[in-house]
Amino acid sequence: MGIVSPGFFGRRGSGDTKLPPGQYQTRDFPVLSAGPTPRVDLDRWQFTVSTETGQRKQWSWQELTSLPSEDITTDIHCVTKWSKFGTHWKGVPVETLLTDIETAADYVMAHSYGGYTTNLPLEDLLNGQAWVAYQYDGEPLAPEHGGPARLLVPHLYFWKSAKWVNGLELMLADEPGFWETAGYHDYGDPWREQRYQGD
Ligand SMILES: Nc1nc2c(c(=O)[nH]1)N[C@H]1C(S)=C(S)[C@@H](COP(=O)(O)O)O[C@H]1N2
Ligand SMILES: [Mo]
């Protein structure tokens, strides 16, 4: 065995190698929004899970925030190359919202107030990898960062973390969302630098 084993440098999550390739660290929290910030009255806020057979499950704000929540500390990585380490969130695990849902779907389209969409494989939303987050740093999530609630899928580039999220549509076949239609990668793994289609 050599002194430096291959694969050691740059390995995911190993102490000082937390930056995915091509990223730099920032301490601010940049705001990136493709359109205006929608203002959603909590009395009218709704979250809907729908399936390929038309089954629907809905939650009011009161109902969503009464579900068991988790505290999450995670690094986030934007495709415009900033990464922010150790961000703190509170939210409901997506798998909690999919309990009792019957589906043969392998893909999900996340939908947001304002019309933004982004697609993900269903399995990337399960097993403690994704949340509907409604607090940041112990405070209600600010509107410019996606409040009242946003999807949080930190293992993928941050465009997959739909702000102002209001639903998950389970789909049998993959379909591109807003940025994916514009040429961004279908999956978006920062560790494999999947920024654009073909990466
Ligand atoms: N609804 C919606 N969600 C969105 C976006 C958007 O424009 N609209 N931008 C995405 C992108 S490209 C990034 S990097 C993050 C930015 O989140 P932030 O503004 O809280 O940093 O939100 C993602 N989610
Ligand atoms: Mo982004």
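Residues numbered from 1 in each chain as written. Chains lettered and ligands numbered in written order. Predicted model: local features only at pLDDT ≥ 70, side-chain atom pairs only at ≥ 80, totals over all residues. Heavy atoms only, no water.

**Q** Can you lay out the UniProt feature "domain: Oxidoreductase molybdopterin-binding" (unreviewed entry) in the chain for me, pointing to particular residues and giving the numbers?
**A** Here the UniProt feature "domain: Oxidoreductase molybdopterin-binding" (unreviewed entry) sits at residues 35–179. In this annotation, residues 35–179 is assigned 9% helix and 41% strand; the end-to-end C-alpha distance for the span is 13 Å. (UniProt positions renumbered as here; feature names shortened; annotations may be inferred. Helix = DSSP H or I, 4+ residues; strand = E, 2+ residues; numbered from the N terminus.)

**Q** Before we move on, can you summarise the pattern of salt bridges with the specific residues and values?
**A** Following the criterion strictly, the structure yields 4 salt bridges and no others. Between K160 and E180 there is a salt bridge, and its shortest N-O distance comes to 2.7 Å. Taken together, the residues span a long stretch of sequence, with K160 in the loop between β10 (150–152) and β11 (165–171) and E180 in helix α3 (residues 178–181) at a distance of 20 residues. On the basis of relative accessibility, which here comes to 2%, the residue E180 falls in the buried class. Here R192 ties to D189 by a salt bridge, and the two come within 3.0 Å at their closest N and O atoms. Of the residues examined, R192 reaches a relative accessible area of 54% and is grouped as exposed. (Salt bridge = Lys/Arg side-chain N within 4 Å of Asp/Glu carboxyl O. Buried < 20%, exposed > 50% of the residue type's maximum accessible area, 1.4 Å probe, protein only.)

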